[in-house]
Amino acid sequence: MTKKFYIKTFGCQMNVADSRVMGELLLKSGFEKTEDPSTADVVIFNSCSVRKHAEDRLFSNLGLTMKKNPSARFILAGCTAQRFGEKLLKRFKKLSAVLGPGEIFKIEKVVRDVLEGKKVIATGRTEYRFVERRADISENVVIGRGCNNFCSYCVVPFLRGREEYRPSSDILKEISCLVESGTKEVILLGQNVNSYRDPEKGLNFCELLDEISKIKGLLRIRFLTSHPKDVPDELVVLMKKNEKIAKHIHLPVQAGSNKILKQMNRKYTREKYIEIAQKFRSEIPDIAITTDIIVGFPTETEEDFFKTEDLVKKVKFDGIYVFKYSPRDGTSASKLKDAVSEEEKQRRHKRILDLARKISLARRASFVGKTCDVLFEKNEIGHNSQNFLVFKKGAKKGSFLKLEIKDVKNEMLLA
Ligand code: SAH
Ligand code: SF4
């Protein structure tokens, strides 16, 4: 009997990409995928530890699934596996394996071992491998793993290790392969893509983008995430002239107060951030700028928070992810007294979200009457270059159409 596996992903785009790799490796070695955990022989949870909320959700989900399908073998992969390692096997008697994000390429062996009844702990780091896969219209491509920045609130560098980049030759080969089997857009992934360095040829991120854009048949390139301290003028110039690069940059600001930015170890000031954003907007007027913001950092006063609100109004973000600060063991900020109450965090969270929504709706409304290039990842649902969702009745999956935007509804552009 073919054994069935189920994978559930928590957290970021990197985890989505990692789950995809694990799924593909298992399919290749003859396992079958199921979307229903109660029918699975092996259940894999790919976890996130960035905030406590994500971990709480993971643990309650894991417990529930273990109750529903007591005969399955359970593997906990991802950042939470890395964080707690062996302790998890003690806490969850039904858990068979912990598999850190650096070891996802071992998944086949881990699955075989747990099916034989073994317990496995894999929290080292293996070399990145290019895994061929059935291509979708839009595909994530990991260009590097890990992070060297040690923002004071963030657990990522501790769990995913130091920065390590893939050779451009390997990345180009992967993308060419994907494009040959139908991919039209790639999303380059890294914690801080702008610090990319080709370990073989020394190409920087802009040079890598330029090389990727020469791949025939590839229509659009996106990338995530850019750190404001590492954005070169060269990137603005390249995004302006290279038609294949999407007119969108995700540039997490985190906070608008210089005091907080310093304590976060972000290495830029609000003035510098605003200057970068203005440079993008003046060179590429229709660019979308999106961001991440943390509210309720331990020392954030009302006045600091106003500075964040003020920055949001100045930059007029096209989209904002807002997070309530969550202390993480091992990070330097976790040693500060968490002085902002939960209610206050909630209030600040809501205020930024309401403001963000108003601004992003106005930004979307400004597209009515304009013509956009839309790539349809699904029938009738696509994205324009700015990464706004676009609906067009009758549009076929995979088509790339020039469409006039007629209206905006629930943050979606209607063509
Ligand atoms: N390397 C990326 C992604 C990091 S995690 C980057 O620098 O943008 C994604 C987002 O989660 C971060 O941008 C930050 O806004 C948020 N985040 C990270 N740690 C957090 C914490 N301890 N509490 C609340 N939000 C956090
Ligand atoms: Fe975390 Fe900062 Fe690295 Fe992003 S850049 S992963 S926020 S340490």
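Think of each chain on its own: its residues are numbered from 1, step by step along the sequence as written. To label them, take the chains in the order written and letter them from A, then take the ligands in the order written and number them from 1. Where totals are concerned, whole chains, interfaces and linings use all residues; where local detail is concerned, this predicted model gives features only for residues with pLDDT of at least 70, and gives and counts side-chain atom pairs only at 80 or more. Water and hydrogen atoms play no part in the side-chain values, which are based on all heavy atoms of the structure.

Peer 1: Quick question: what am I supposed to make of the domain arrangement of the chain here?
Peer 2: Accessible area lost on assembly of the parts is the figure often given for the size of an interface. Those domain boundaries reflect an automatic or database domain assignment. Each domain of the chain was delimited in the assignment, giving domain 1 (4–122), domain 2 (127–246) and domain 3 (371–414). Here the C-alpha centroids of domain 1 and domain 3 sit 35 Å apart.

Peer 1: Would you take a moment to explain the site of ligand 1 for this structure?
Peer 2: The full set close to ligand 1 counts 14 residues, and R51, Q191, Q254, D292 and S326 are the nearest of them. Contacts to ligand 1 include R51, whose side-chain N or O atom sits 3.0 Å from an oxygen atom. One nitrogen or oxygen atom from the main chain of S326 is found 2.8 Å from a nitrogen atom belonging to ligand 1. Protein coverage of the free-state accessible area of ligand 1, which is 540 Å², stands at 89%. Each helix is a run of DSSP H or I of at least 4 residues and each strand a run of E of at least 2, with the numbering of both proceeding from the N terminus. Elements supplying a minimum of two residues to the shell around ligand 1: β13 (288–295) and β14 (319–324). Gly counts as polar in this scheme, as do all residues outside two lists: the nonpolar Ala, Val, Leu, Ile, Met, Phe, Trp, Tyr, Cys and Pro, and the charged Asp, Glu, Lys and Arg. When the residues that make up the shell around ligand 1 are grouped by side-chain class, the tally is six nonpolar, four polar and four charged. Only a single heavy atom is needed: when it lies within 4 Å of a molecule or strand, its residue is near that molecule or strand. Under this definition, polar contacts are N or O atom pairs within 3.5 Å; protein pairs additionally need one hydrogen-donor-capable and one acceptor-capable atom, and for neighbouring residues in sequence, both atoms have to be side-chain atoms. Computed with the Shrake-Rupley method and a 1.4 Å probe, the accessible areas treat only the protein chains shown as cover for residues.

Peer 1: Just to check I follow, could you spell out the packing of helix α7 (residues 168–180) against helix α8 (residues 205–213) for this structure?
Peer 2: Describing two packed helices takes the angle between their axes plus the distance from one axis to the other. Two elements in contact, α7 and α8, have axes whose closest approach is 10 Å; the angle formed by their N-to-C orientations is 30°. Taken as axis vectors, α7 and α8 run roughly parallel relative to one another. The two elements α7 and α8 cross, and the hand of that crossing is right-handed. Facing α7, whose interface residues are S168, I171, L172 and I175, α8 presents L208, E211 and I212. A fitted line through C-alpha atoms represents every axis, and for helices the fit uses only the stretch in contact; the resulting angles, taken between N-to-C directions, go from 0 to 180 degrees. Orientation is classified from the angle alone, with under 35 degrees giving roughly parallel, over 145 giving roughly antiparallel, 65 to 115 giving roughly perpendicular, and any other angle giving oblique. Definitions for this section: a left-handed crossing has its near helix turned counterclockwise from the far helix by less than a right angle. A right-handed crossing has that turn clockwise. Two residues form a contact once any of their heavy atoms are found within 4.5 Å.

Peer 1: Could you clarify how one ought to interpret the site of ligand 2 in this entry?
Peer 2: Around ligand 2 lies a shell formed by C147, N149, F150, C151, Y153, C154, V156, P157, Q191, H227 and R266. Split into classes, the residues belonging to the shell around ligand 2 amount to seven nonpolar, three polar and one charged.

Peer 1: When you look at the sheet that holds strand β12 (residues 248–250) in this model, what are you seeing that I'm missing?
Peer 2: Neighbouring strands of a sheet are bound in pairs by backbone hydrogen bonds; such pairs are parallel or else antiparallel. Taken together, the three strands give an open sheet; going across it, the order is β12-β13-β14, and neighbouring strands pair in parallel fashion. Two strands in the sheet have a free side with no partner beyond their single neighbour: β12 and β14. Along the sheet, successive strands turn relative to each other by an average axial angle of 15°, direction set aside. Strands were regarded as paired on the criterion that DSSP finds at least two bridges between them. As judged from the six bridges shared by β13 and β14, these two strands associate in the parallel manner. Opposite T291, over in β14, you have I320 as the bridge partner. The strands that helix α11 (residues 270–283) touches are β12 and β13; relative to β13, the one it contacts most, it runs at about 160°. Of the strands in this sheet, β13 and β14 touch helix α13 (residues 342–365), which is tilted by about 175° from β14.

Peer 1: Looking at this structure, I do not really get the side chain of T80. What am I missing?
Peer 2: If you trace the backbone, T80 turns up in helix α3 (residues 79–84). Summary of the burial criterion: residues with accessible area below 20% of their type's maximum are buried, those above 50% are exposed, and those between are partly exposed, where the area comes from a 1.4 Å probe applied to protein chains only. Among the residues examined, T80 registers a relative accessible area of 0% and is labelled buried. In this view, T80 contacts S47, C48, S49, E55, L58, F59, G85 and L88; residues no more than four positions away in its chain are not counted.

Peer 1: Teacher, can you tell me more about the pattern of salt bridges here?
Peer 2: Working definition: two side chains of opposite charge can pair if their charged atoms are close together. In the sections that follow, a salt bridge refers to a side-chain nitrogen of Lys or Arg positioned within 4 Å of a carboxyl oxygen of Asp or Glu. Under the criterion given, the structure shown has 40 salt bridges. Two residues, D338 and K345, come together in a salt bridge whose shortest N-O distance is 3.3 Å. A relative accessible area of 4% means that K345 is categorised as buried. Of the charged contacts, one joins D373 and K402 as a salt bridge, the two residues approaching to 2.8 Å between their closest N and O atoms. Remark: K402 occurs in strand β18 (residues 400–404) and D373 occurs in strand β15 (residues 371–378); sequence separation between them is 29 residues. Judged by its relative accessible area of 62%, K402 falls in the exposed class. Among the ionic contacts, a cluster of salt bridges with common partners joins R20, E24, R133, R134, E139, R166, D170 and E174.

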